[in-house]
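Spelled out, the chains give:
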Amino acid sequence: MDSSYNPSSFEPKIYEKWEESGAFAAKTEVSGHDKAKTFLITMPPPNVTGVLHMGHALFVSIQDTFARWKRMQGYNTLWLPGSDHAGIATQVMVERQVESEGTSRVKLGREAFVKRIWEWKEEYGGTIQDQIRSLGASCDWDRELFTLDDKSSRAVRESFARLYHDGLIYRGERIVNWSSGLQTAISDLEVEQRPVQGAFYHVKYLLADGSGDSLTVATTRPETIFADVAVAVHPEDERFKKFHGKDVIVPLTGRHVPIILDDYVDKEFGTGALKITPGHDVNDWAIGQRHGLTTLTTIGKDGKLNEIAGEFAGMVAAHSRKRIAEKLKADGLLVKEEKHNYELGYCQRTGVVVEPLVSIQWFVKMKTLADKAITAASGEDAALRFYPDYWKKTWFEWHNNIQDWCISRQLWWGHRIPAWHCAKCEKITVPKSYKDADPSVCSHCGSPSLNQDPDVLDTWYSSGLWPISTLGWPEKTPELETFYPTLRFDEARGGKEARALMETGSDILTFWVSRMVTMCTHFMDGKLPFEDVYLHAMVRDEKGQKMSKTKGNVVDPLDVTEKHGADALRLTLIALSGQGRNVNLDLKRLEGYSAFINKLWNASRFALMQLEEKGVKSYQDPLKDTGSLDFVDRWLLSELEATVQKVNSDLTNYRPDAAFQAIYQ
Ligand SMILES: [Zn+2]
């Protein structure tokens, strides 16, 4: 041993030895003990474009703790790593790259552009894996999977085929978050809410009966008036009772629309009367569905007003607001304009305002799938458990209010939807199984004029299959046979231990954990993909603020490990992981834990030197002959035994922070 603790001089060497010796390899062609006592952790696949950040370092530290602990307890443990193709993130990045070369995605065409992304992936895609290695992660790299690998594609095609032919995948109109910057629908996660200073325009809607009576509606978006299909009031609002059953005239259009009653309307908000524009507002869309209203569209995918906006057609919607307000004023319909601050959704990647738009998308029907997720977590002795337990509430809320899942994205990078449109009969052909080749003729009319759907699947779709695709499903592989858990969603846990742990960030409980549970349970005859879910907190700076480049408070894990070693960083993150919903990373604590490791190093050196002096050649178990030990030795051994028990019980309860404190004290 070196005389001083210098982690950078030995950490990489030790890791190399571990990997070469197969210390991280799980056993699959097994029987007896290795089959009966297995433990699986599927690593949340980091984005292939990703660079290691503290969030990764935290999950690596926690998952590695459990993987190594289970191995020490004699479990045949598989910690399965991989990476995610990260649809939008990757496409946008390579798009910028080709633009800097004076060309564009569209000029290159789909095939050439996708090839460019693959080239990028081959060259740079492994960065994050190497960084995860440098943290000492004991995962089984031989089984590493990428979400666009053939193995993953097979799972995607098979699942799509089954869901489609079982009537659980359908195409339909839906209001989506449309990014005109990316020209695709984006998920709620990719929408950033920012406060804006806007205005409430109080607009007069005259009654259609010619009485001269009117209702006033307050709106922040007068440019959507052209697509109004109703005005809604609360059924018990006394002010509007005289208007029940009547029609109003939509300003600037002359169209007559009904006054409808809906208790979604907040009597206290605005004027108490809402204009209903299902084509451009998520809540209005829901009201429109409830009342069977038609949907009109006035803003196109390019963000401009269309022909129903009359003289305003062709203007960028957001820029037309002032002009439209002026016109309303000229018509005597603008009662007043008042300042109003509210939150507006922006596209995280391009910074454009997200427009709720109605378009034809692919959906998964979620109700029956979600019911299983609810059953799985219900009751004292539920098969599926959450650590910390309070996340169960979010779980139930999400699944009790489940919406159908929009799985199509207008991108090129991803799993292309395995469905073909017939030019002749306009029907859709979907292969029956992953084993079938792409169809050459329409399954309905036999026409050869088939075109594959241009959309790709939401990245979360392949991530949702991750626990089974990584094990080789839909094929019956030894991996699946050995490691896939056996507990069904409707079983009681009883005294059964979890055979698989899902450890991930609490921020993706609904986006990811929910999809894995619903999809995998469906395809694996009701068996859950994991029984324990450990949700870690978000890493923040020492003041509890989100780390961001603009704030300049980002702590790079690689800088830390270079200076203090991976162990110091891992210990710090584990020690802080019990703080609740945030992990506030205090670098002073890190220095303290680094000193602790230094002490361990020196103590080990001292012990080894003593043993050498006394001529002890090899390690002997002191417990074999405790009678020969003196009082101090026996006291030390009993302290050690107590600590071991405490650590085991803390880890069983998913409290790695408490386990560490037991060792630290
Ligand atoms: Zn056809």
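Residues numbered from 1 in each chain as written. Predicted model: local features only at pLDDT ≥ 70, side-chain atom pairs only at ≥ 80, totals over all residues. Heavy atoms only, no water.

## What to know about the overall build of the protein chain
The helix and strand tally for the protein chain stands at 21 helices and 25 strands. Its C-alpha atoms give the protein chain principal-axis dimensions of about 110 × 60 × 55 Å. Here the protein chain holds 665 residues, and 51% of them are scored as buried. Relative to all contacts within the protein chain whose residues are 6 or more apart in sequence, the contacts with residues 24 or more apart total 75%. Carbon and sulfur atoms make up 50% of the accessible area of the protein chain, which totals about 31600 Å². (Helix = DSSP H or I, 4+ residues; strand = E, 2+ residues; numbered from the N terminus. Buried < 20%, exposed > 50% of the residue type's maximum accessible area, 1.4 Å probe, protein only. Contact = heavy atoms within 4.5 Å. Areas by Shrake-Rupley, 256 points an atom, 1.4 Å probe, with all protein chains shown as cover.)

## Concerning the coordination of the zinc ion
Coordination sphere of the zinc ion, protein contribution only: Cys-422 (SG), Cys-425 (SG), Cys-442 (SG) and Cys-445 (SG), at 2.3 Å. Taken together, the four donor atoms surrounding the zinc ion define angles of 106 to 113 degrees at the centre, an arrangement classified as tetrahedral. Residue classification places Cys-442 among the buried positions, given a relative accessible area of 3%. (Donors = N, O, S within 2.8 Å, 3.2 Å for Na, K, Ca; no water. Tetrahedral: all angles 85-135°; square planar, octahedral: opposite > 155°, others 65-115°.)

## Looking at the environment of Asn-400
Within the secondary structure, Asn-400 sits in helix 12 (residues 391-400). When its relative accessible area of 53% is taken as the criterion, Asn-400 is described as exposed. When the C-alpha atoms of Asn-400 and Asp-371 are compared, they prove to be 8.0 Å apart, with 29 residues separating the residues in sequence.

## With respect to the pattern of salt bridges
In the structure shown here, the tally under the stated rule is 32 salt bridges. Here Arg-221 makes a salt bridge to Glu-223, at a shortest N to O gap of 3.6 Å. The same class applies to Arg-221 as to Glu-223, namely buried. Arg-321 is the salt-bridge partner of Glu-223, the closest N and O atoms lying 2.8 Å from each other. Here the residue Glu-223 occupies a position in the loop between strand 8 (214-219) and strand 9 (230-233), and Arg-321 occupies one in helix 10 (residues 317-330), the gap between them amounting to 98 residues. Relative accessible area serves as the criterion here: at 1%, Glu-223 is assigned to the buried category. (Salt bridge = Lys/Arg side-chain N within 4 Å of Asp/Glu carboxyl O.)

## Focus on unusual backbone geometry
For residues that are not glycine, phi is negative in most cases, and the peptide bond is trans in most cases. Following Tyr-387, the chain continues to Pro-388 via a peptide bond in cis, the omega torsion being -5 degrees. Mapped onto the fold, Pro-388 is located in the loop between strand 15 (385-387) and helix 12. Across the junction of Trp-473 and Pro-474, the peptide omega takes the value 10 degrees, indicating a cis bond. One non-glycine residue, Ala-86, lies in the positive phi region at around 50 degrees. Position of Ala-86 among the secondary structure elements: in the loop between strand 3 (82-83) and helix 4 (87-100). Of note, Tyr-654 is a non-glycine position whose phi angle comes to about 55 degrees, a positive value. With respect to the helices and strands, the residue Tyr-654 is situated in the loop between helix 20 (631-652) and helix 21 (656-664).

## Describing the packing of aromatic side chains
Within the structure shown, the criterion is met by 30 aromatic pairs. Seen in terms of ring centroids, Trp-118 and Trp-413 are 5.3 Å apart; in terms of plane orientation they differ by 75 degrees. Their pairing is edge-to-face. In this pair, Trp-118 sits in helix 6 (residues 110-124) while Trp-413 sits in the loop between strand 17 (408-409) and strand 18 (420-422), placing the two residues 295 residues apart along the sequence. Judged by relative accessible area, which is 29%, Trp-118 ranks as partly exposed. A residue is classified by how much of its surface remains accessible, and Trp-413, at 1% relative accessible area, is buried. Over the ring of Phe-39 we find Lys-70, and its NZ or CZ is 4.7 Å from the ring centre. Above the face of the Tyr-346 ring, Arg-194 is positioned so that its terminal group lies 4.1 Å from the ring centre. (Phe/Tyr/Trp six-rings, centres within 6.5 Å; stacked < 30°, edge-to-face > 60°. Lys NZ or Arg CZ within 6 Å of the ring centre and 35° of its normal.)

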